[in-house]
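# A structural walkthrough
Residue-level listing of the chains:
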Amino acid sequence: MPKTKNTSLHKEIKTFIEINYPDYADKILLADGFDNCLIGFTSNQGGNPVAVYDKWKIVKQLAKDLNTDDGEALEYFDYNVENAYVGDFTPKYVDRFER
């Protein structure tokens, strides 16, 4: 399970949302406990702004938090995080391309 929120970072994220998406500030959903894995925001197919997270940062954090290996953490992520639809503002999870 994710650890508690880094309150300073969480406040920064909430402030960013309030400034940049004032009409959606109460609607944009954040993945609890993964503030450090947030990489930005985008619009979904419905035109709603949604949070975007680095999938592998979350998997690494889950492996640490759950005291398991990356494979089991990935399985947990796939079932409990990535495939959880929580409405029109469900966050997105991406595989980052890095060189």
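Quick note: structure is the one above.
Just so it is clear, the model here is predicted, and its values are computed rather than measured. (Residues numbered from 1 in each chain as written. Predicted model: local features only at pLDDT ≥ 70, side-chain atom pairs only at ≥ 80, totals over all residues. Heavy atoms only, no water.)

### Observations regarding the overall build of the protein
Helices and strands together make up the secondary structure of the protein, namely three helices and three strands. In the protein, the succession of α and β elements from N to C terminus is α-β-β-α-α-β. Each principal axis of the C-alpha distribution contributes one length, and for the protein these read about 40 × 30 × 30 Å. Taken across its 99 residues, the protein has 36% of its residues classed as buried. Considering only intrachain contacts with a sequence separation of at least 6, the fraction spanning at least 24 residues in the protein is 52%. About 6600 Å² of surface is accessible on the protein, with carbon and sulfur atoms providing 48% of the total. For the protein, the centre of its 12 positive side-chain charges and the centre of its 17 negative side-chain charges are spaced 5 Å apart. (Helix = DSSP H or I, 4+ residues; strand = E, 2+ residues; numbered from the N terminus. Buried < 20%, exposed > 50% of the residue type's maximum accessible area, 1.4 Å probe, protein only. Contact = heavy atoms within 4.5 Å. Areas by Shrake-Rupley, 256 points an atom, 1.4 Å probe, with all protein chains shown as cover. Lys, Arg positive; Asp, Glu negative; His and termini not counted. Charge placed at Lys NZ, Arg CZ, Asp CG, Glu CD.)

### Focus on the pairing of strand S1 (residues 38-43)
Pairing of S1 with strand S2 (residues 49-54) involves five bridges; the strand directions are antiparallel. From the neighbouring strand, Ser-43 faces S2, where its bridge partner is Pro-49. In textbook terms, the turn of a hairpin is the stretch between consecutive antiparallel strands, and for S1 and S2 this stretch comprises five residues, one of which, Gly-47, has a positive phi near 85°. (Pairing = 2+ DSSP bridges.)

### Here we look at helix H2 (residues 55-65)
Restricting attention to buried positions, one finds in H2 the residues Lys-55, Ile-58, Val-59, Gln-61, Leu-62, Ala-63 and Asp-65. If you follow the buried residues of H2, they end up packed against S2, helix H3 (70-82) and strand S3 (92-94). One side-chain oxygen at the N-terminal end of H2 lies 3.0 Å from the backbone nitrogen of Trp-56; it belongs to Asp-54. (Polar contact = N/O pair within 3.5 Å; in protein donor to acceptor, adjacent residues only side chain to side chain.)

### Here we look at the side chain of Asn-48
Relative to the helices and strands, Asn-48 is located in the loop between S1 and S2. A polar side-chain atom of Asn-48 sits 3.5 Å from the main-chain carbonyl oxygen of Asp-88.

### Observations concerning the nonpolar core
Phe-41, Tyr-53 and Ile-58 are the most contacted members of the largest nonpolar core, which has 20 residues in total. Of all the elements in the fold, those that place two or more residues in this core are helix H1 (7-20), S1, S2, H2 and H3. Broken down by element, this core gets its largest block of residues, four residues, from H2. Among all residues touching Ile-58, those that are not within four sequence positions of it are Phe-34, Cys-37, Tyr-53, Phe-77 and Tyr-93. (Core = buried A, V, L, I, M, F, W, Y, C linked by side-chain atoms within 4.5 Å.)

### Focus on H3
With 13 residues, H3 extends just 15 Å between its outermost C-alpha atoms, more than 12% less than the 18 Å of an ideal straight helix rising 1.5 Å per residue. At Tyr-76, H3 shows its largest kink, close to 25°. Listing the buried residues of H3 in full gives Ala-73, Phe-77 and Val-81. Where H3 is buried, its residues contact H2 and S3. The N-cap of H3, judged by a side-chain oxygen 2.9 Å from the amide nitrogen of Gly-71 a few residues on, is Asp-69. (Expected span 1.5 Å × (residues − 1). Bend = angle between axes of the 7 residues up to and from the residue.)

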